[in-house]
Amino acid sequence: MLGIGLAGLVVNMLALLVLRKSAEGNLNVEGALQHIVADLLGSVAVVVSGALVWAFGWTIVDPILSVVISILIGIRAWRLLAKVFNVLLQGVPKHVDLYQLCAALEDFPGVTFVHDVHVWSLAPDYDVLTAHILVDPALQTEDLTHMRAQVQELAKRDYNLRHVTVQLEFTAEGCHDEVHPFDHLHRLRKDEVPA
């Protein structure tokens with residue numbers, strides 16, 4: 001039993017070293033890595049319980065370690081499942097504060113307010129932003145090009161948003177947002193926005 005446990009420990013340690021770097025930003029590889037970690041913990045439990053049974057005759061150690069490892073595996077599986085559901089349900093990534101993002105966008109000169117903002121993950125480490133930005137009608141084409149570039153730079157630099165799509169608008173006409181979720185950030189109330 002000890003020999004098999006030690007062999008499994010060595011194989012799982014090698015697999016862990018190979019997959020560790022690739023698991024960052026890839027849920028499939030992270031799932032495989034967690035499977036290897038579970039096997040690794042099982043191998044450790046076999047070695048430890050085998051040594052304790054051989055040395056002291058403590059047969060109770062094996063089921064105790066099995067329960068502890070099952071709990072650890074369950075916790076790690078739950079965390080992975082939460083990440084998967086966040087991607088599938090297009091939840092806002094944990095590292096993005098929408099209020100802060102909208103406030104930063106609304107601080108750009110010429111921006112009246114930001115609405116219809118969506119941030120979600122297409123995959124781990126690949127987050128997306130779409131937004132409608134109401135701008136001052138007096139802005140020229142080159143100002144709009146510069147503003148779009150600034151928005152994309154801010155989103156990528158400060159929030160690690162990899163794909164940014166913004167729609168710059170001169171009027172609120174056709175805006176279907178009944179309530180702006182970030183009303184307290186606005187410099188202008190919606191009824192003061194030029195139509």
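The present account deals with the structure reproduced in this document. None of the values given here were measured: they were computed from a predicted structure.

### Digging into helix H5 (residues 141-159)
Then, number 1: Relative to the 27 Å expected for 19 residues at 1.5 Å per residue, H5 spans 26 Å between its end C-alpha atoms, a close match to the ideal helical length.
Then, number 2: Where H5 is concerned, the buried positions are Leu144, Met147, Val151, Leu154, Ala155 and Tyr159. Projected onto a plane normal to the axis of H5, the buried residues spread over an arc of 95° and lie on a single side. Across from the buried face of H5, at angles greater than 90 degrees, the exposed residues are Glu142 and Arg157.
Then, number 3: Of the surrounding elements, those touching the buried residues of H5 are helix H4 (98-106), strand E1 (111-123), strand E2 (126-135) and strand E3 (161-169).

### Considerations on the nonpolar core
The nonpolar side chains of a soluble globular protein tend to be buried, and buried together.
Then, number 1: By size, the foremost hydrophobic cluster in this structure holds 24 residues, and its most contacted members are Leu101, Val114, Leu129, Ile133, Val151 and Leu161.
Then, number 2: For this core, the element with the most residues is H5, which contributes six residues.
Then, number 3: Once you skip the residues sitting within four places of it in the chain, leucine 101 turns out to touch Val96, Val119, Leu129, Leu154, Tyr159 and Leu161.

### Here's the deal with the environment of leucine 154
Then, number 1: Checked against the element boundaries, leucine 154 lands in helix H5.
Then, number 2: Along the sequence, leucine 154 and alanine 104 sit 50 residues apart, while their C-alpha atoms lie 8.4 Å from each other.
Then, number 3: Residue contacts for leucine 154: discarding those within four places in its chain leaves Leu101, Ala104, Leu105, Phe108 and Tyr159.

### Describing the environment of glutamate 169
Then, number 1: Mapped onto the elements, glutamate 169 comes out in strand E3.
Then, number 2: You can call glutamate 169 buried: its relative accessible area is 13%.

### Some details on the packing of aromatic side chains
Then, number 1: All told, the structure shown has one aromatic pair when counted by the stated rule.
Then, number 2: The interplanar angle of 20° and the centroid separation of 4.7 Å between the aromatic rings of phenylalanine 56 and tryptophan 58 together place this pair among those described as stacked.
Then, number 3: You can call phenylalanine 56 exposed: its relative accessible area is 53%.

The rules behind these values
- Residues numbered from 1 in each chain as written.
- Predicted model: local features only at pLDDT ≥ 70, side-chain atom pairs only at ≥ 80, totals over all residues.
- Heavy atoms only, no water.
- Helix = DSSP H or I, 4+ residues; strand = E, 2+ residues; numbered from the N terminus.
- Expected span 1.5 Å × (residues − 1).
- Buried < 20%, exposed > 50% of the residue type's maximum accessible area, 1.4 Å probe, protein only.
- Arc of directions from axis to C-beta.
- Contact = heavy atoms within 4.5 Å.
- Core = buried A, V, L, I, M, F, W, Y, C linked by side-chain atoms within 4.5 Å.
- Phe/Tyr/Trp six-rings, centres within 6.5 Å; stacked < 30°, edge-to-face > 60°.

Read these as spatial facts, not as claims about activity.
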